[in-house]
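Each chain is listed here by its residues.
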4 protein chains.
Amino acid sequence: MSNLDTDVFKVALFGAGRIGQIHAHNIASHPHSKLSAVVDINQDAASVLADKYDAQVATAEQVFSDENVDAVLIASATDSHADLIERAAQANKKIFCEKPIDLSLDRVNRCLEIVDQHQATLFIGFNRRFDKNFAALKHELNNGMIGKPELVLINSRDPGLPPLSYLEASGGLFRDMSIHDFDMACWLMGQTPVSVLAVGACLVNPEVEAVGDIDTGVITLKFATGAIAVIMNSRRTTYGYDQRIEVHGCNGMLQAENEVESTLVKTNEQGVIRQKPLHFFLERYSSAYKAEWHHFVGVLTGQQSPEVSGKDGQTALMIANAAIASLKTGQNQILND
Amino acid sequence: MSNLDTDVFKVALFGAGRIGQIHAHNIASHPHSKLSAVVDINQDAASVLADKYDAQVATAEQVFSDENVDAVLIASATDSHADLIERAAQANKKIFCEKPIDLSLDRVNRCLEIVDQHQATLFIGFNRRFDKNFAALKHELNNGMIGKPELVLINSRDPGLPPLSYLEASGGLFRDMSIHDFDMACWLMGQTPVSVLAVGACLVNPEVEAVGDIDTGVITLKFATGAIAVIMNSRRTTYGYDQRIEVHGCNGMLQAENEVESTLVKTNEQGVIRQKPLHFFLERYSSAYKAEWHHFVGVLTGQQSPEVSGKDGQTALMIANAAIASLKTGQNQILND
Amino acid sequence: MSNLDTDVFKVALFGAGRIGQIHAHNIASHPHSKLSAVVDINQDAASVLADKYDAQVATAEQVFSDENVDAVLIASATDSHADLIERAAQANKKIFCEKPIDLSLDRVNRCLEIVDQHQATLFIGFNRRFDKNFAALKHELNNGMIGKPELVLINSRDPGLPPLSYLEASGGLFRDMSIHDFDMACWLMGQTPVSVLAVGACLVNPEVEAVGDIDTGVITLKFATGAIAVIMNSRRTTYGYDQRIEVHGCNGMLQAENEVESTLVKTNEQGVIRQKPLHFFLERYSSAYKAEWHHFVGVLTGQQSPEVSGKDGQTALMIANAAIASLKTGQNQILND
Amino acid sequence: MSNLDTDVFKVALFGAGRIGQIHAHNIASHPHSKLSAVVDINQDAASVLADKYDAQVATAEQVFSDENVDAVLIASATDSHADLIERAAQANKKIFCEKPIDLSLDRVNRCLEIVDQHQATLFIGFNRRFDKNFAALKHELNNGMIGKPELVLINSRDPGLPPLSYLEASGGLFRDMSIHDFDMACWLMGQTPVSVLAVGACLVNPEVEAVGDIDTGVITLKFATGAIAVIMNSRRTTYGYDQRIEVHGCNGMLQAENEVESTLVKTNEQGVIRQKPLHFFLERYSSAYKAEWHHFVGVLTGQQSPEVSGKDGQTALMIANAAIASLKTGQNQILND
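Just so you know, these numbers come straight off a predicted model, no measurement behind them.

Asks: I'm lost on the interface of chain C and chain D in this one. Help?
Replies: On the side of chain D, 40 residues touch chain C, which itself brings 40 residues to the contact. Summed over both sides, the interface of chain C with chain D buries roughly 3100 Å², with 64% coming from carbon and sulfur. At the surface where chain C touches chain D, the tally comes to 6 salt bridges. Between Glu246(D) and Arg244(C) there is a salt bridge, and its shortest N-O distance comes to 2.7 Å. Here chain C and chain D share 16 residue pairs in polar contact (both at pLDDT 80 or more) between them. Contributing elements (two or more residues each) for the side of chain C that touches chain D: strand 7 (149–157), strand 8 (195–201), strand 9 (216–222), strand 10 (228–234), strand 11 (242–249) and strand 12 (252–256) of chain C. Residue contributions to the side of chain C that touches chain D peak at 6 residues, all from strand 7 of chain C.

Asks: Hey, could you run me through the side chain of His30(B) in this one?
Replies: All names here are of chain B. If you trace the backbone, histidine 30 turns up in the loop between helix 1 (18–29) and strand 2 (33–39). We classify histidine 30 as buried; its relative accessible area is 9%. In this structure the side chain of histidine 30 is engaged in a polar contact, spanning 3.5 Å, whose partner is the side chain of histidine 294. With residues near it in sequence (within four places) discarded, histidine 30 still touches Trp293, His294 and Val297.

Asks: It is not clear to me how the interface of chain A and chain B should be interpreted in this structure. Could you clarify?
Replies: It is common to report an interface's size as the accessible area lost on association of the parts. If you look at the interface, chain A gives 40 residues, while chain B gives 40 residues. In total, about 3100 Å² of surface goes out of reach between chain A and chain B, with carbon and sulfur atoms giving 64% of it. Applying the counting criterion to the chain A and chain B interface returns 6 salt bridges. A salt bridge links Arg236(B) to Glu150(A); its shortest N-O distance comes to 2.7 Å. At the boundary of chain A and chain B, one finds 17 residue pairs in polar contact (both at pLDDT 80 or more). At the level of secondary structure, the elements contributing two or more residues to the side of chain A that touches chain B comprise strand 7 (149–157), strand 8 (195–201), strand 9 (216–222), strand 10 (228–234), strand 11 (242–249) and strand 12 (252–256) of chain A. In terms of residue count, the dominant contributor to the side of chain A that touches chain B is strand 7 of chain A (6 residues). The class makeup of the residues in the side of chain A that touches chain B is 15 nonpolar, 18 polar and 7 charged.

Asks: It is not clear to me how helix 6 (residues 132–142) of chain B should be interpreted in this structure. Could you clarify?
Replies: Because the α-helix completes a turn every 3.6 residues, residues three or four places apart line up on one side. Among all positions in helix 6 of chain B, only Asn133(B), Phe134(B), Ala136(B), Leu137(B), Lys138(B), Glu140(B) and Leu141(B) are buried. Against strand 7 (149–157), helix 9 (178–189), strand 11 (242–249), strand 12 (252–256) and helix 11 (281–284) of chain B together with strand 13 (264–268) of chain C lie the buried residues of helix 6 of chain B. Backbone geometry just after helix 6 of chain B places Gly144(B) at a positive phi near 80 degrees.

Asks: How should the side chain of Asp181(A) be read in this particular structure?
Replies: Residue and element names in this part refer to chain A. Its place among the elements puts aspartate 181 in helix 9 (residues 178–189). A relative accessible area of 0% places aspartate 181 in the buried class. A distance of 2.8 Å separates polar atoms of two side chains, one belonging to aspartate 181 and the other to arginine 128. Among the polar contacts made by the side chain of aspartate 181, one reaches the side chain of asparagine 233 at a distance of 3.0 Å. Ignoring anything within four residues of it in the chain, the contact list for aspartate 181 reads Arg128, Ile154, Ser156, Ile231 and Asn233.

Asks: For this particular structure, what's the right way to read the relation of the copies chain A and chain B?
Replies: The operation relating the two chain copies consists of a rotation about an axis and a shift along that axis. Of the two same-sequence chains, chain A is brought onto chain B (RMSD 0.1 Å, axial shift 0.0 Å) by a rotation of 180 degrees. Taken together, the rotation and translation relating the two chain copies correspond to the operation of a two-fold axis. Taking the C-alpha atom as reference, chain A places Gln331(A) closest to the rotation axis, 2.4 Å from it. A high fraction, 100%, of the interface residues of chain A reappear at the interface in chain B, so the copies pair face to face through one surface.

Asks: Looking at this model, I keep getting lost on the domain arrangement of chain A. Mind explaining?
Replies: Residue and element names in this part refer to chain A. In terms of domain boundaries, chain A breaks down into domain 1 (9–120) and domain 2 (129–287 + 316–334). For domain 1 versus domain 2, the separation of C-alpha centres amounts to 28 Å. Between domain 1 and domain 2, the contact holds 10 residues from the first and 12 residues from the second. The junction of domain 1 with domain 2 conceals about 880 Å² of combined surface from both sides, 71% of it contributed by carbon and sulfur atoms. The largest per-residue losses of area from domain 1 upon contact with domain 2 belong to Lys99, Leu103 and Leu105, which jointly make up 62% of the total buried on that side. For the pair domain 1 and domain 2, the interface holds 0 salt bridges. In this assembly, domain 1 and domain 2 are joined by 2 residue pairs in polar contact (both at pLDDT 80 or more).

What counts and how
- Residues numbered from 1 in each chain as written.
- Chains lettered and ligands numbered in written order.
- Predicted model: local features only at pLDDT ≥ 70, side-chain atom pairs only at ≥ 80, totals over all residues.
- Heavy atoms only, no water.
- Contact = heavy atoms within 4.5 Å.
- Buried area = accessible area lost by both parts, 1.4 Å probe.
- Salt bridge = Lys/Arg side-chain N within 4 Å of Asp/Glu carboxyl O.
- Polar contact = N/O pair within 3.5 Å; in protein donor to acceptor, adjacent residues only side chain to side chain.
- Helix = DSSP H or I, 4+ residues; strand = E, 2+ residues; numbered from the N terminus.
- Buried < 20%, exposed > 50% of the residue type's maximum accessible area, 1.4 Å probe, protein only.
- Nonpolar A, V, L, I, M, F, W, Y, C, P; charged D, E, K, R; others polar.
- Least-squares fit on C-alpha atoms with pLDDT ≥ 70 in both.
- Domains from an automatic or database assignment.

What follows is the structure, given as structure tokens:
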């Protein structure tokens, strides 16, 4: 690799949108990584972002043929992920890809085969694993603080419904939003569920039904140990991003609560009023995005293995598909491991 | 009625056990009710309790033929409830009966027919509706504070597993323990669910399986409005009685948290330590038992109608039966209203 | 004593006002005490209260000459306390007296001399010592949970200013309201302070100044160990009764927080809203009044010694007087023990 | 100014110690500032820090004679502050100085005269004003959320006693540690107190007395409005950095609580355990240091005026001196504004 001497890895970014911008900032701020190129079909967006961090606007071809590029970060549209992963694997680049790999499980499977063939390094950006609160919960769970987990509850609610056009291309609530929670459940339990039950409804906006989706859902996962995980999702709160986890185990309970805007408490005739949860994922997971990039630099230096693999992305998608089937049939779906 | 002049209602109590003793205290403490008789097959228990409150030990026959008895409180063994309700209805006594009416839905239906024939007054002791915290939540919900409810979460966990002999006669987790939560869900939503999904496991003690029961369960109820309620039950915590409710609505969230032993907070190198939840139902629902008795005296004076009817008891049992069927089949059970 | 056989102590109550009514209820509800007589210059009030609990209206003379009266509870106007204590001591009655003994330290001293001469049993109603939250804090402090106490903070604020006519007869903020906090500080520290510093102001209502009082005050007590206690008082909050204690010790911190109306939490665009503190002392200290009466019955049976003595009442008044002197002079006041 | 075209201000840092390192990071991370030089008598420390951010090691002479240096950040030993401020003012550099200006009020006064003569821009680093929690409290106070402030409570406790050698040079508890709290009280109230009362003790370590200092103190400030502020200080907790503020006003109460390590809650037989406060000022005020640097860059661009002036530093020192006098005399000290 060209930059072993300097220990600064050159990273090409695909996607100059909202999430791409976060990653660009973290890449540029880390002492051992540098943003070298930005690829986006929106040339203006690519140009603004590249200028900000002293990088080049590039095409995918230029990135994959540039021997100086050590790694790619894929934050482009979902339907481009699998292609870019495959091309990066073939070009011998280390890969950081935003979730999901693809909305089609077949496509994911073919993509991961190619990753395997090239023994490529692939990290999937399930950023919540790097949230300090959830990480603290996982740490205590692993330490045996509450013994074996028996009941897991993941409350995960967005502040507001995205545009219907977004929903149409999203793959639906379970593949777009709950998929993060499926990964959290598997990560916390250290295993994949054996069956999936899902119910759902359109309560936020009836037009969601017209685009074939739901906006409110509850998924129950059963594990081989007998443990049960419940995920409660809504596309809308009126008070910000609601992201809480509770694990009941044989020796106690662990909870990770929302982060709030400040520790201010107002007490008056209305009651004792604390601050709302942080608004949305950009605020809540700002530190998690940074921590995940630090981890990936550790992968680049060879000191760490990817904590989230392509297999993890595949598993979460399998659960999402089973949840969709359960929602349609009203029946328990058995997962083949 | 014999005591209109004094406005003190005479009450006969069936069952001198743990819950009977609570009721005896509340009956005796209320300015408009008096414990006049105690019936129990355990004559010693009946005698101790009767002496404490200046009442008589009696047989069921004596109670039902005594014109001076205005009301009966049935806190005896479950399998005696339906018989005693029927006999009290025939004897023209007002009836307060601990849940459940019976473990058999057929038996419940026959019993309620007899209650109807005699136009008897029947109150079922779902005491949680009278807990001040849940009542405050219900009050805000009814006031429209969070708009239409969309997701209901009931966490309900006992401090420890009862003896296996108790479980054998209990009707199982869903009919014995979750039945309270089914009533809470219906009460909060103001409607009966249209379908029921249940999963469960033996995680606390494998011997529970040997007696044909489970000790850990999750039940998902779907309502005609599309709203979804989730009940999470365990027979064991290590930290007391865990009784919390959360309702997510279109304009916000309501939560009723555990009551704790005191407001003491200790801060040291271990962290910021608050007190545990109250130990079990006798502690947590002590005020609710009292409030429910005050309500029933209001029923006796004719100023109030029973807030929990025989129909409510019947509905909760129907949901429990559907949950049992879902647990066995792994399928969604449709409830016929 | 006349009622050793029945173990039910006969109690005469002086004062049928707000606090007298609470005590009457607790006396009548306790299995080993009975309200036998009520004395009040307001004959109607005395009569209503006596009727409610099946007691007699009586004069002081009748009470003190009635050999069947075991104990007196003095909840009449402050300026009658010392006289009644003395007469009760002479008549060989056990004495429960609301704070203060008198507003004049000389009068208190003379009164306690007479109590001593007759070896009378005197309990002063500093009810906060019996609040479960403060008692839990004291228990942990005594257990050494935080080691030696170094800084004590007592926040004590009433919901609203009483009428000016009340203030005129009250003895002023420090002798009327802070006196409870002085007792708490001494009780928590297990010792009497060596010096007192006070500042104050009229911030709630300027008319308070016209009657020679203040409505806002801060008192700093220094103890021989070097520990420092701060009391922060206001006659007005807008959110109920604010009664909190914090103790910082060499191994950690203990805090007793406010009790609230319920555990309900509302979350919406305004924030995360919990319930207000309980409104005032009748609500907050309802259980403490009951617990203090249970203690006094223990004193009557000879199983307990009074946990609050006349000396404790005297000490609190001495501190109040020193605080008044400090407020006037702006100087530290040395207390002679 | 030399770099108007680039809008990147060149900053020389005095002091490469713990706090200097924080500032160096913030200077280097801001898009409109650059660390150009590091001055420290410890040449190794200066060199390491300069290398990290691509800056030069320099002498004071070099800094003050370099026309390219726009601003200085003074984070060196306290006794060098006043001299460096004066030289920077004479050299026409914008000045950011860590508190205090000096431990001698006379020296501070002379220094500020020279600052005035040169119309120099001076910002004093009372970083707590930039803590998001305290800033949120101040914002609500200014908005009139609780009306006029009446009682202010500042709890400010360090995790552990510094070395005695540090204390000897520190100027004592009130000038070294409480000085931050004096500034907070003045900032919150928007005015300077009219009198000061202080008590204190050596409770953490008796050797503190041997070096003429105290480790535990309570200071009461009275304002012309009648409002009262209390500051409670200790050099040692066992649970981290305790930094809380509470303001009681005529329409309610505002509190800013501690920030904690994470939102994790563990519940077991010990209780409900939350995480400790952040360990010390480097953790708690990390964001405040960054926010204060952003503010100072706003001062450099001319868009903002210094929110903390030399006068503010002088006032806090005056209060500290009055507190020392009160501690010695046991008397109220009147402050001449």
